[in-house]
Amino acid sequence: MNQTHILSWILFTPVIGAIVLLFVPREWDNAQRVVGNVFGMLGLVVSLPLIWRFQIGTPGYQFRETYDWIPSIGAHYSLGIDGISFLLVMLTTILGAISILSSWSAIQTRKKEYYILFLLLQTGMLGVFMALDFFLFYLFWEVMLVPMYFLIGVWGSDRRLYAAIKFFLYTLAGSVLMLLAILALYYRAHEVAGAGAAYTFDIPTLLGAVPQFSTALQRLLFWGFFFAFAIKVPMFPFHTWLPDAHTEAPTAGSVILAGVLLKMGTYGFIRFSLPLLPTDAVARQHIINILMVLSIVGIIYGALVCMMQKDMKKLIAYSSVSHLGFCTLGIFALNPHGLSGSVIQQINHGISTGALFLIIGVLYERRHTRLISEFGGLSTPMPNFAAIYLIATLSSLGLPLLNGFIGEFTILSGIFQVNTSWTAWAVVGIVLGAAYLLWLYQRVMFGPVTNPANEHLPDLNMREYATLIPLVLLAFWIGIYPKPLFRVLDAPVRQIVEQVNPNYYNSATAQRWGEKPPVAIVTATAPAKSDSTKAEKPAKLAPAAIIAAASARMVANTAENR
């Protein structure tokens, strides 16, 4: 595989699988399953070279690909990843392969369409994490919406159409506001650059021009992007679509929705919302205070609502509102511990909550019910299932030596540097999280088998082991040895902190923790024909000059590519 095009291979391998499925006859059920799973696994296999080719500690984006697309408006096919997007790409390919495998016996109707839509959904999610052009980013953001709508609406449970329409409308409303913000950023950046500069949708270039904008415009741009990302996370009070979508979606849809789709919102906060924070200190602090309060309310509210649920799937759905509150809390701490912990907790949430949804799917395939009252004493007929379920539960509540602990601990240490009261309120959410997760496990797994239908339930089969064991191993690996993740995140996190909180590394807190600023800060990165593996020099130009220079280099690179 050509290293220059490795991201394109990862991005379009699922699309190739969808095209192949178009030519598989509808009556060949097993062939449709096999092709869908083969390309689901290939999507993971082609992403594995990133693990040893990614240059840890290198600032800026790597594996860059930039080609002319719509030159009349300045849109380019531009891909690249840093440490943050690298981890999210790997999470997407892993959970994508596992989710497709979990669908083998769960999907009995319209299998061909199901696998095609799932593979297209995989491409949409990967594109969001790879795109370095706003036009391309928005395209992938919207492309993801259509397959998920049909996965919920066609293969979901009884109220699937209601849940699908609600999911679509919420996401579309946020997307429209984000589109307006992108256009405002696009035109205002061109005005700042001057009449001679070319229009561009290049993400680093446009974000590099934001400090030149007025505080009022910066505030409007921030809130324009905010609603799209807050709905996707989802933050309180934009969360009401999530329980319905989770509950009604098929098992694989719930896994990918919780494991990856929600992370598109937190990724957007890190990649776009942080650089758009107003440079005015008062306006910035006002926004941060609002977001911190919303995050804490979401943590505690989500946990309390979980205590009242009678449906296992809805309980885990509301737990995502609580867990993702920790992620947004860490993001807006604006320090290395908060940001690193947030990204790691996003990975952890995908692993632990994905495993919990798979476990609920196992029970639903056997009993066709998700009501907690229908179960009890399952550890007797299903001992291996009980052991894996316990590990997933302890992982989700943050037991030391499992993945959830290191993410929550790092986030809390970052928040503690900013405000001890926020930390104290967040800890309440951890206690409540342990309560509802352990209470659920106790009601489902312990005690006598009160329902005769549960007396002879079969334990896990080999396919179910294949979907759950990798997540269990990842939970132990991250919990015991998280150093590789912190090393991958070190360079991009330092760059972000230096950009959005430039006084942090000179503060007493940074000195006490022994934190040093990054060696090179990339204010704006011009698109390159191939990936960048060498550290880039700090940009010394003013934002207007940066845009003009980047535009000129873009035109030159485009001509060379053609």
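Residues numbered from 1 in each chain as written. Predicted model: local features only at pLDDT ≥ 70, side-chain atom pairs only at ≥ 80, totals over all residues. Heavy atoms only, no water.

Trainee: Would you explain the overall build of the chain in this entry?
Mentor: Helix and strand counts for the chain come out as 22 helices and two strands. Taking all 562 residues of the chain together, the buried fraction comes to 62%. Considering only intrachain contacts with a sequence separation of at least 6, the fraction spanning at least 24 residues in the chain is 79%. Split by element, the accessible area of the chain, about 20,600 Å² in all, is 66% carbon and sulfur. (Helix = DSSP H or I, 4+ residues; strand = E, 2+ residues; numbered from the N terminus. Buried < 20%, exposed > 50% of the residue type's maximum accessible area, 1.4 Å probe, protein only. Contact = heavy atoms within 4.5 Å. Areas by Shrake-Rupley, 256 points an atom, 1.4 Å probe, with all protein chains shown as cover.)

Trainee: Please explain helix 17 (residues 403-416) as it appears in this structure.
Mentor: Since there are 3.6 residues in each turn of an α-helix, residues three or four apart along the chain are aligned in direction. With 14 residues, helix 17 extends 21 Å between its outermost C-alpha atoms, agreeing within 8% with the 20 Å of an ideal straight helix rising 1.5 Å per residue. Within helix 17, eleven of the 14 residues are buried, which leaves it mostly tucked inside the rest of the structure. Within helix 17, the full set of buried residues consists of Asn403, Gly404, Ile406, Gly407, Glu408, Thr410, Ile411, Leu412, Ser413, Gly414 and Ile415. (Expected span 1.5 Å × (residues − 1).)

Trainee: Got a minute to help me understand the packing of aromatic side chains in this structure?
Mentor: How two aromatic rings sit relative to each other is set out by the distance from centre to centre and by the angle between their planes. Taken as a whole, this structure holds 39 aromatic pairs when the rule is applied. A ring pair is formed by Tyr114 and Phe118, whose centres lie 5.8 Å apart and whose planes are at 45°; its orientation type is tilted. With Tyr114 and Phe118 both in helix 5 (residues 111-130), this residue pair falls four residues apart, about one helical turn. Of the two residues examined, Tyr114 and Phe118, each falls in the buried class. Judged by centre distance (6.1 Å) and plane angle (25°), the ring pair of Phe225 and Phe272 falls under stacked. (Phe/Tyr/Trp six-rings, centres within 6.5 Å; stacked < 30°, edge-to-face > 60°.)

Trainee: Would you mind going over the pattern of salt bridges with me for this structure?
Mentor: It is possible for side chains of opposite charge to pair when their charged atoms get near one another. Across all of its chains, the model carries ten salt bridges by this definition. Put simply, Asp82 and Arg271 hold a salt bridge, and the shortest N to O gap is 2.8 Å. With Asp82 in the loop between strand 2 (75-81) and helix 4 (83-102) and Arg271 in helix 12 (residues 251-276), the pair connects residues that are 189 residues apart, well separated along the chain. Across the pair, exposure class does not vary: Asp82 and Arg271 are buried alike. The salt bridge involving Arg188 is made with Glu191; its shortest N-O contact spans 2.9 Å. Taken together, the residues span about one helical turn, with Arg188 and Glu191 both in helix 8 (residues 160-193) at a distance of three residues. You can call Glu191 exposed: its relative accessible area is 53%. (Salt bridge = Lys/Arg side-chain N within 4 Å of Asp/Glu carboxyl O.)

Trainee: What am I meant to see in the side chain of Arg463 here?
Mentor: One can find Arg463 in helix 19 (residues 462-480). One buried charged residue, Arg463, remains without a salt bridge, the closest side chain of opposite sign being Glu365 at 4.0 Å. The contact partners of Arg463, leaving out residues within four places of it in the chain, are Leu101, Ser102, Trp104, Ser105 and Glu365. (Lys, Arg positive; Asp, Glu negative; His and termini not counted.)

Trainee: Explain the nonpolar core to me, please; I cannot follow it from the model alone.
Mentor: What tends to happen in soluble globular proteins is that the nonpolar side chains get buried as a cluster. Grouped together as the largest cluster of nonpolar side chains are 179 residues, with contacts concentrated most on Leu50, Phe134 and Val444. Per-element tally for this core: the top contributor is helix 12, with 15 residues. Look past the residues within four positions of Val444 in its chain and what remains in contact with it is Met312, Leu363, Ile372, Phe375, Gly376, Gly377, Leu378 and Tyr389. (Core = buried A, V, L, I, M, F, W, Y, C linked by side-chain atoms within 4.5 Å.)

Trainee: Help me understand helix 5 in this model?
Mentor: The end-to-end C-alpha distance of helix 5, which contains 20 residues, comes to 29 Å, matching closely the 28 Å that a straight helix rising 1.5 Å per residue would cover. Counting buried positions along helix 5 yields 18 of 20 residues, so the element is predominantly enclosed.

Trainee: I'm lost on the environment of Val493 in this one. Help?
Mentor: Mapped onto the elements of the fold, Val493 is located in helix 20 (residues 483-500). The class for Val493 is buried, based on a relative accessible area of 2%. The spatial distance from the C-alpha of Val493 to the C-alpha of Val343 is 9.7 Å, given a sequence separation of 150 residues. Contacts of Val493, omitting those with residues within four sequence positions, involve Pro336, Leu339 and Ser340.

Trainee: When you look at the pairing of strand 2 in this model, what are you seeing that I'm missing?
Mentor: A regular strand places its side chains so that they alternate between the two faces of the sheet. Judged by how many residues are buried, strand 2 sits mostly within the fold: seven of seven residues are covered. Side chains Ala75, Tyr77, Leu79 and Ile81 of strand 2 all project onto a buried face; the interleaved residues His76, Ser78 and Gly80 project onto the opposite face, where all are buried too. Bridge analysis of strand 1 (residues 62-70) against strand 2 gives six bridges, and the strand direction is antiparallel. Directly across from Asp68, in strand 2, lies its bridge partner His76. Here strand 1 hands over to strand 2 after four residues, with Gly74 in that stretch at a positive phi of 80°. (Pairing = 2+ DSSP bridges.)

Trainee: Before we go on, may I ask you to explain the side chain of Ser47 in this structure?
Mentor: Secondary-structure assignment places Ser47 in the loop between helix 2 (29-45) and helix 3 (49-53). A polar side-chain atom of Ser47 sits 2.6 Å from the main-chain carbonyl oxygen of Leu44. Once residues lying within four places of it in the same chain are set aside, the contact partners of Ser47 are Ile10, Met90 and Thr93. (Polar contact = N/O pair within 3.5 Å; in protein donor to acceptor, adjacent residues only side chain to side chain.)

Trainee: Just checking my understanding: could you explain unusual backbone geometry for this structure?
Mentor: The general pattern is negative phi for most residues beyond glycine and trans for most peptide bonds. A cis amide bond links Val233 to the next residue, Pro234, at an omega of -5°. Residue position: Pro234 is located in the loop between helix 10 (215-232) and helix 11 (241-248). At the junction of Phe236 and Pro237, the peptide bond is cis and its omega measures out at 5° in the coordinates. Position of Pro237 relative to the elements: it lies in the loop between helix 10 and helix 11. Its identity as a non-glycine residue notwithstanding, Arg110 has a phi of 45°, on the positive side. Structurally, Arg110 can be placed in the loop between helix 4 and helix 5. For Arg110, a relative accessible area of 55% puts it in the exposed group. Not every positive phi belongs to a glycine, and Leu401 is a case in point at roughly 80°.

Trainee: Which parts of the structure should I look at to understand the packing of helix 11 against helix 12?
Mentor: What describes two packed helices is the angle between their axes and the distance between those same axes. Relative orientation of the contacting elements helix 11 and helix 12 amounts to 140°, with a least axis distance of 8 Å. Overall, the two elements helix 11 and helix 12 adopt an arrangement that is oblique. Taking contact as the criterion, the partners of Trp241, Leu242, Ala245 and His246 in helix 11 are, on helix 12, Ser254, Leu257, Ala258 and Leu262. Residues that form the contact of helix 11 with helix 12 fall into these classes: six nonpolar, two polar and no charged. (Axes fitted to C-alpha atoms, helices over the stretch in contact; angles between N-to-C directions. Parallel < 35°, antiparallel > 145°, perpendicular 65-115°, else oblique. Nonpolar A, V, L, I, M, F, W, Y, C, P; charged D, E, K, R; others polar.)

Trainee: Is there a simple way to think about the confidence of the model for the chain in this case?
Mentor: When pLDDT drops low, the exact placement of atoms in the prediction is not to be read closely. Per-residue confidence for the chain gives a mean pLDDT of 86; residues scoring 70 or more make up 89%. Mean pLDDT across the elements of the chain ranges from a minimum in helix 22 (residues 543-561), with 43, to a maximum in helix 19, with 94. (pLDDT = per-residue confidence, 0-100.)

Trainee: Is there a simple way to explain the environment of Asn451 in this structure?
Mentor: Looking at where Asn451 falls in the secondary structure, it is placed in the loop between helix 18 (420-445) and helix 19. Along the chain, Asn451 and Glu374 lie 77 residues apart, while their C-alpha atoms are 7.0 Å from each other. Residues in contact with Asn451, not counting those within four places in the same chain, are Arg367 and Glu374. Of note is the side chain of Asn451, whose polar atom sits 3.3 Å from the side chain of Glu374.

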